[in-house]
Amino acid sequence: MQLEPIGVDAGTDELEPHLTEVDGGWHWAVANRGDRAVRARSVVARFQVVGARGPLRMFRNGYQSWSPCDVATLGVDQDPSTSAGVPGIARAMHHPDLTPARRDELRSDMVTVLADGTDERLLVGFDGGSIHDGTFRLLPGPDGPVLEVEAHLGGAELAVAGGRELHGFSVDAGPDHAELLEQWAHRRGRAEHARTGAPYQVGWCSWYHYFGGVTEADLLANLGRAGDWPFDVFQLDDGYQRTIGDWLTTNDSFPSELDVIASRIAAAGRRPGIWLAPFLARPDAAVAQAHPDWIARHGRGDRELIGMWHPDWGGPTHVIDTSHPEVLAWLEQVARSLVEAGFTYLKLDFTYAPGIEGVYFDPTLTPAERVRAGYDAIRRGAGDDTFILGCGAPLGSVIGVVDGMRIGADVAPHWFLRDGQYRPGSYEAGEPATVNAWRNTLARSFMHRNLWLNDPDCVMLRRTETDLGGTAIGTWAQAVGVSGGMALVSDDLALLDRMARRGLDEVIELGRASDAEAAAGRPPRCPDLFDSPFPTHLRAATGAEVVLPADLVP
């Protein structure tokens, strides 16, 4: 297979795109040749896929941490945005462009691999992502399959005589999808100065037992029980803050100030960690009350832009405008204050929010630039030595800023989605369920130590107060170990016995060995990514492997 250019289009006559072939790929740019400023939604280069034999399949990499990854077949599968009843917020969360895809279109973000009926594979991947998002769209054409390569600018304003260099994209062919993906990720990571040097992470997190109901007493009780558990990090998750947006003020369940909590964690020999959703604010948050102009607007600017609707938070939660200089200064100060309080591990969640289409202070920024600006501000405030974990994050926008990245949906104390669980149409593969975390852990294994440290999400060790059976608990723990990614426990330690401790020790032994291989350029591989309807096999360079039992396959 190969790509032959058909043309390039910027959506309006005033914008003039240029596409140039270079060794191994393509460079491109767009310029405003009109006499007024122009909003640029996207620039699209179209290519004929030549020489494909048999059904054409596409590796679909999701936009952000939780977005599902899979392999889809052109003419058989559809983009999830085309399903009836999909909430708009689901499309906004999982794609740079919330517009539903065309009925016969498949799409992937940041990178894709095409496979036909032969052993040949064709990778196309963007060389960067900090100045705009990049999407690949595969669709049938009159002369065969067409691949559209899209630089999504999201309506960013181009001044008269202004222009933009766009992220180039590379094209590689070969028989092994895993090797192609690893080589691309290695190049991308080097080009964007990926932060891949942090040590292997072992820790405890409050979320998956206590969720938003955690108390200071819960945290300190587990800290006291940690004893000789090998936790480096002890991370407090959602539930400590007064409300979403007030990250420096605790609620009634946490009578101590944050610096006191951090000092207690540090005194126990652990690294204090804390969760925040820095680009969101509830209407009752002090920041939203004091600075209503810091909130992005919807539509024509007549109401606040909703970035998340969460019943435990009280309903709609609004997007902080990271294109506003004052917001960036505030984010920097929040991060600096948390680090000064003692928290040198920051988990940043729901960070897709500034990428949602809306009305922002600076109309010249793309969605990717708004996300990146927020992350850069937090990194400036937190300093270079703080470990930053991205979550719910547009993957392509933050390489070089984060140390770790959640690469799948939340795990849960259940394998499949529960009856009655929220299901946003065909996006349920991005909802909390351990099977969804499994899928992306395998599909995105090539990113580990190339772009960041992969965070597959927490191991689930408890055998009470859970719907996970023993096989599911053991299989997921083994997958976390073989992946070489971060290994965090999120159970009430009072529920864990010697068997659970042995289980974690096995995860860490597997994980350290696999992680060392990844650091040497040999991340784990999913050999059946293109050979199975659902990925079932992960193999580390050490030879360790995990295979999904048949009763856990969807």
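In what follows, the structure referred to is the one given above.
Residues numbered from 1 in each chain as written. Predicted model: local features only at pLDDT ≥ 70, side-chain atom pairs only at ≥ 80, totals over all residues. Heavy atoms only, no water.

**So, the overall build of the protein chain**
Each helix and strand in the protein chain was counted, giving 11 helices and 27 strands. The C-alpha atoms of the protein chain give a radius of gyration of 23 Å, which matches the 24 Å a tight globule of 554 residues would have. The principal-axis extent of the C-alpha atoms belonging to the protein chain is close to 65 × 55 × 45 Å. When the 554 residues of the protein chain are sorted by exposure, 62% land in the buried category. If you take every contact in the protein chain between residues at least 6 apart in sequence, the share linking residues at least 24 apart comes to 74%. Counting every atom, the protein chain has about 20,100 Å² of accessible surface; 49% of that belongs to carbon and sulfur. One way to put it: in the protein chain the 49 positive side-chain charges average out to a point 1 Å from where the 77 negative ones average out. (Helix = DSSP H or I, 4+ residues; strand = E, 2+ residues; numbered from the N terminus. Rg over C-alpha atoms; globule rule 2.2 N^0.38 Å. Buried < 20%, exposed > 50% of the residue type's maximum accessible area, 1.4 Å probe, protein only. Contact = heavy atoms within 4.5 Å. Areas by Shrake-Rupley, 256 points an atom, 1.4 Å probe, with all protein chains shown as cover. Lys, Arg positive; Asp, Glu negative; His and termini not counted. Charge placed at Lys NZ, Arg CZ, Asp CG, Glu CD.)

**Some remarks on the pattern of salt bridges**
Inspection of every chain in the model, using the stated rule, returns 40 salt bridges. Glu-105 is paired through a salt bridge with Arg-137; the nearest N and O atoms lie 2.6 Å apart. You can see Glu-105 sitting in the loop between helix 1 (88-94) and strand 7 (106-109) and its partner Arg-137 sitting in strand 10 (residues 133-139), a full 32 residues away along the chain. Exposure class is identical for Glu-105 and Arg-137. Each is buried. A salt bridge links Asp-505 to Arg-501; the nearest nitrogen and oxygen atoms lie 3.0 Å apart. On the criterion of helical spacing, the pair formed by Asp-505 and Arg-501 is a turn pair, its members being 4 residues apart in helix 11 (residues 498-519). Judged by its relative accessible area of 33%, Asp-505 is partly exposed. Residues participating in the shared-partner salt-bridge network are Arg-41, Arg-46, Asp-97, Arg-102, Glu-105, Arg-137, Glu-148, Glu-150 and Glu-357. (Salt bridge = Lys/Arg side-chain N within 4 Å of Asp/Glu carboxyl O.)

**So, the sheet that holds strand 23 (residues 404-406)**
With respect to topology, 8 strands assemble into an open sheet ordered 24-23-22-21-15-14-13-25, the strand pairing being parallel. Every interior strand has two partners, whereas the edge strands, strand 24 (453-455) and strand 25 (487-489), have only one. The mean angle between the axes of side-by-side strands here comes to 25°, regardless of whether they run parallel or antiparallel. Note: strand 15 (residues 271-276) against strand 21 (residues 345-348), 4 bridges, orientation parallel. Looking at the pairing, Gly-273 lines up with Tyr-345 of strand 21. Relative to strand 14 (residues 233-236), helix 4 (residues 216-225) is tilted by about 165°, and along the sheet it contacts strand 13 (202-205) and strand 14. (Pairing = 2+ DSSP bridges. Axes fitted to C-alpha atoms, helices over the stretch in contact; angles between N-to-C directions.)

**A short note on helix 7 (residues 325-341)**
Between its first and last C-alpha, helix 7 extends 24 Å over 17 residues, near the 24 Å set by a 1.5 Å rise per residue. Of the positions making up helix 7, those classed as buried are Val-327, Leu-328, Trp-330, Leu-331, Glu-332, Val-334, Ala-335, Ser-337, Leu-338 and Ala-341. The inward-facing, buried residues of helix 7 contact helix 5 (258-267), strand 15, helix 6 (286-290), strand 21 and helix 8 (367-382). Following helix 7 by one or two positions, Gly-342 has its phi on the positive side, about 120°. (Expected span 1.5 Å × (residues − 1).)

**Things to note about the packing of aromatic side chains**
For any pair of aromatic rings, geometry is given as the distance between the ring centres together with the angle between the planes. Per the stated rule, a full pass over the model turns up 22 aromatic pairs. Ring geometry for Phe-59 and Phe-446: centres 6.4 Å apart, planes at 75°, overall edge-to-face. Taken as a pair, Phe-59 in strand 5 (residues 57-60) and Phe-446 in the loop between helix 9 (434-443) and strand 24 lie far apart in primary sequence, 387 residues in all. Like Phe-446, Phe-59 is buried. With a centroid separation of 5.6 Å and 75° between ring planes, the pair formed by Trp-247 and Trp-275 is classed as edge-to-face. Of the two residues, Trp-247 sits in the loop between strand 14 and helix 5 while Trp-275 sits in strand 15, which places them 28 residues apart along the sequence. Across this residue pair, the class does not change: Trp-247 and Trp-275 are buried. In this arrangement the basic side chain of Arg-370 is found over the ring face of Tyr-360, its NZ or CZ atom lying 3.7 Å from the centre. Stacked on the ring of Trp-229, the Lys or Arg Arg-501 has its end atom at 5.5 Å from the ring centre. (Phe/Tyr/Trp six-rings, centres within 6.5 Å; stacked < 30°, edge-to-face > 60°. Lys NZ or Arg CZ within 6 Å of the ring centre and 35° of its normal.)

**Re the sheet that holds strand 20 (residues 315-319)**
Strand order in this open sheet of 3 strands is 16-20-19, and the pairing throughout is antiparallel. Single-partner strands in this sheet number two, and they are strand 16 (280-281) and strand 19 (306-310). Bridging between strand 19 and strand 20 involves 4 bridges; their strand directions are antiparallel. Bridge assignment links Met-308 to a residue of strand 20, and that residue is Thr-317.

**Describing the environment of Thr-20**
Here Thr-20 lies in strand 2 (residues 15-22). Along the primary structure Thr-20 and Gly-168 are separated by 148 residues, whereas in three dimensions their C-alpha atoms are 9.5 Å apart. Aside from chain neighbours lying at most four places away, what touches Thr-20 is Gly-25, Trp-26 and His-27.

**Some thoughts on the pairing of strand 5**
Successive residues of a regular strand alternate their side chains across the two faces of the sheet. Both faces of strand 5 are covered, namely the face carrying Arg-57 and Phe-59 and the face carrying Met-58 and Arg-60. One ladder, built from 4 bridges, connects strand 5 with strand 6 (residues 70-73); its direction is antiparallel. Paired with Met-58 across the strands is Ala-72, a residue of strand 6.

**Let's talk about unusual backbone geometry**
One can expect most non-glycine residues to show negative phi and most peptide bonds to be in trans. A positive phi angle is found at His-193, which is not glycine, with a value near 55°. Among the structural elements, His-193 can be located in the loop between helix 2 (177-191) and strand 13. Look at Glu-465: it is not a glycine, yet its phi comes out positive at around 55°. Following the sequence through the fold, Glu-465 ends up in the loop between strand 24 and helix 10 (470-483).

**Some details on the nonpolar core**
Of all hydrophobic cores here, the largest spans 139 residues; its most connected members are Phe-59, Phe-231, Leu-346 and Tyr-375. Beyond its immediate chain neighbours, meaning those up to four positions away, Tyr-375 contacts Phe-279, Leu-348, Thr-351, Ile-388, Gly-390, Cys-391, Ala-393, Val-398, Val-401 and Val-402. (Core = buried A, V, L, I, M, F, W, Y, C linked by side-chain atoms within 4.5 Å.)

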